Amino acid sequence: MTRLALLRHGHTEWNRAGRIQGRSDIQLDEEARQDLSTNSLPQPWDTADIWSSPLARARETAQLVSGQDPMMSAALTEMNWGDWEGLRGVDLIADTGSGYRHIEDWGWDFRPPNGESPADVKMRLRPWLDSLRADTVAVCHIGIMRVIMALAWGWDFSGIPPFKIKRNRLYIIDMDTMRPDPEPVRLIRAEVPE
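This one's a predicted model, so the numbers in the text were calculated from it and none came from an experiment. (Residues numbered from 1 in each chain as written. Predicted model: local features only at pLDDT ≥ 70, side-chain atom pairs only at ≥ 80, totals over all residues. Heavy atoms only, no water.)

1. Let's talk about the packing of helix α5 (residues 118-131) against helix α6 (residues 142-153)
So, point 1. Relative to each other, α5 and α6 sit at 80°, their axes nearing to 10 Å. Between α5 and α6, the angle falls in the class roughly perpendicular. Facing P118, V121, K122, R124, L125, R126 and L129 of α5, the residues of α6 in contact are I144, V147, I148 and L151.
So, point 2. Partitioned by chemical class, the residues of the contact of α5 with α6 number eight nonpolar, no polar and three charged. (Axes fitted to C-alpha atoms, helices over the stretch in contact; angles between N-to-C directions. Helix = DSSP H or I, 4+ residues; strand = E, 2+ residues; numbered from the N terminus. Parallel < 35°, antiparallel > 145°, perpendicular 65-115°, else oblique. Contact = heavy atoms within 4.5 Å. Nonpolar A, V, L, I, M, F, W, Y, C, P; charged D, E, K, R; others polar.)

2. Considering helix α3 (residues 56-66)
So, point 1. Those residues of α3 not exposed but buried are A56, R57, A58, E60, T61, A62 and V65.
So, point 2. Contacts made by the buried residues of α3 are with β1 (3-8), α2 (30-36), β2 (39-40), β3 (49-52) and β5 (136-140).
So, point 3. In the stretch just after α3, G67 is the one whose phi turns positive, near 75°. (Buried < 20%, exposed > 50% of the residue type's maximum accessible area, 1.4 Å probe, protein only.)

3. Description of the nonpolar core
So, point 1. Counting 38 residues, the largest nonpolar core has L4, L6, L125, W128 and I148 as the members making the most contacts within it.
So, point 2. Only β1, α5, β5, α6 and β6 (169-174) provide two or more residues apiece to this core.
So, point 3. Ranked by residues supplied to this core, first place goes to α6 with eight residues.
So, point 4. Setting aside anything within four residues of it in sequence, one finds I148 in contact with L4, L6, L125, L129, I173 and M178. (Core = buried A, V, L, I, M, F, W, Y, C linked by side-chain atoms within 4.5 Å.)

4. A look at the environment of D109
So, point 1. Topologically, D109 is positioned in the loop between α4 (89-94) and α5.
So, point 2. A sequence separation of 46 residues divides D109 from W155, and the C-alpha atoms of the two residues are 13 Å apart.
So, point 3. Excluding residues that lie within four positions of it along the chain, D109 makes contacts with S117 and A119.

5. Things to note about the pairing of β3
So, point 1. Pairing of β3 with β5, which is carried by four bridges, proceeds in the parallel orientation. From the neighbouring strand, D49 faces β5, where its bridge partner is T136.
So, point 2. Bridging between β3 and strand β4 (residues 71-72) involves two bridges; their strand directions are parallel. Bridge pairing in β4 links S52 to M72. (Pairing = 2+ DSSP bridges.)

6. Concerning the environment of V121
So, point 1. Inspection of the secondary structure puts V121 in helix α5.
So, point 2. Look at V121 and you get buried, because its relative accessible area is 0%.
So, point 3. Note: C-alpha distance between V121 and S98 (23 residues apart in sequence) is 22 Å.
So, point 4. Among all residues touching V121, those that are not within four sequence positions of it are M79, E116, I144 and V147.

7. Looking at unusual backbone geometry
Most peptide bonds take the trans configuration, and most residues that are not glycine carry a negative phi.
So, point 1. Residues Q43 and P44 are joined by a peptide bond in cis, for which omega reads 0°.
So, point 2. Considering the arrangement of structural elements, one finds P44 in the loop between β2 and β3.
So, point 3. Phi angles above zero are rare outside glycine, and N168 is one such case at about 60°.
So, point 4. Phi at M178 takes a positive value of approximately 55°, unusual for a residue other than glycine.
So, point 5. Summarising the element assignment, M178 is placed in the loop between β6 and β7 (179-180).

Shown next, in the form of structure tokens:
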């Protein structure tokens, strides 16, 4: 059995400001670094293969929680948000002419101007997913996680997602059956001396 555990990168200044990051290479903020430095992967994930998106926020998250340099794959790079990168979702929603939609209304073919659709991301991910032969932790981005979890949960980017993606949790998928574990696994938090 081969399992994949997905972990979202820590916060950045853009996350906290509600800005769409996409492929912009935004670093973790200091609060995220401090928080992640007190977290680690639980067993048996501490001995799994560690992969990361090449973007700094994911790569550094992987290093902090695993204590090692991850292998990297461009397939794990965040969805390309094209012309909307750097903008705030709330502003795009307020602009009725922007074309922006809530995720429940995307479908697989929703595409930001000059960006990628979830279907594009799925095609980009497929060779990497098919290459997995051992338990793997992939530190990546919410867009990547949504596509992989949509496949596992049978969700088509229409209606409310059957999952919620939170930080500091592993979302586990059995790659042989493409079925998700119903509950995520929390990272281990070290006791911080006062």
